[in-house]
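What the coordinates show
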Amino acid sequence: MAAEAFDVVILGTGQAGKPLALALANAGWKTAIVERDLVGGTCINYGCTPTKTMVASARVAYLARRGADYGVNAGPISVDMSRVIARGLRFAM
Ligand SMILES: Cc1cc2nc3c(=O)[nH]c(=O)nc-3n(C[C@H](O)[C@H](O)[C@H](O)COP(=O)(O)OP(=O)(O)OC[C@H]3O[C@@H](n4cnc5c(N)ncnc54)[C@H](O)[C@@H]3O)c2cc1C
């Protein structure tokens, strides 16, 4: 494979790498970005967004379980973690 020259090579596609790569490319720099794991980095894949959607689901489960205290009978409450995770991934895209 032929070698290719770049003005800048950025390691990682997290909150730092992606906007930096876009800014440099838009400024005319020949830019490469390298990701060793998941595109989007911590915030999108493990951190901020999944955490917030899981906290929201936990809050709903908590309120549903306390329904009877408020005179609301909701029946047995269970948490489907695969759906909780799928919801988080929808928001992360
Ligand atoms: C559970 C959790 C919840 C969080 N909640 C919030 C929040 O609500 N609000 C908030 O502002 N921040 C939050 N954060 C912090 C936020 O996720 C980080 O501040 C942010 O992701 C940092 O961005 P970054 O680009 O520096 O690093 P990262 O997002 O970690 O990206 C680094 C990327 O570089 C890649 N990489 C590393 N080394 C190499 C290499 N040698 N070659 C190629 N690729 C490489 C990694 O695979 C990764 O994709 C949270 C973090 C966690 C863990």
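Since we're looking at a predicted model, the values are computed, not measured. (Residues numbered from 1 in each chain as written. Predicted model: local features only at pLDDT ≥ 70, side-chain atom pairs only at ≥ 80, totals over all residues. Heavy atoms only, no water.)

1. Describing the packing of aromatic side chains
The cut-off we apply is this: For Phe, Tyr and Trp, rings pair up if their centres lie within 6.5 Å, where Trp contributes its six-membered ring, and each pair is then called stacked (planes under 30 degrees apart), edge-to-face (over 60) or tilted (otherwise). We call a charge positioned over a ring when the NZ of a Lys or the CZ of an Arg lies within 6 Å of the ring centre and within 35 degrees of the ring normal.
Throughout the structure, instances matching the rule amount to zero aromatic pairs. Here K30 stacks its cationic end above the ring of F6, 5.2 Å away from the centre of that ring.

2. Looking at the packing of helix α3 (residues 48-65) against helix α4 (residues 81-92)
Defined as follows: Helix axes are fitted to C-alpha atoms over the stretch in contact, other axes to C-alpha atoms as well, and angles between N-to-C directions run from 0 to 180 degrees. Working definition: helices are DSSP H or I runs of at least four residues, strands are E runs of at least two. Numbering for both runs from the N terminus. For classification, angles of less than 35 degrees are called roughly parallel, those exceeding 145 degrees roughly antiparallel, those between 65 and 115 degrees roughly perpendicular, and all remaining angles oblique. Left-handed describes a crossing in which the near helix is turned anticlockwise from the far one by less than a right angle; the clockwise case is right-handed. For this analysis, residues touch if any pair of their heavy atoms sits within 4.5 Å. When residue character is reported, Ala, Val, Leu, Ile, Met, Phe, Trp, Tyr, Cys and Pro are called nonpolar, Asp, Glu, Lys and Arg charged, and the others, Gly included, polar.
Packing of α3 against α4 brings their axes to within 9 Å, and their N-to-C directions diverge by 135°. With respect to α4, the axis of α3 lies oblique. Relative to α4, the crossing made by α3 is right-handed. The residues of α4 that touch α3, namely those facing T49, T53, M54, A56 and S57, are V84, I85, R87, G88, F91 and A92. Residues of the contact of α3 with α4, tallied by class, amount to six nonpolar, four polar and one charged.

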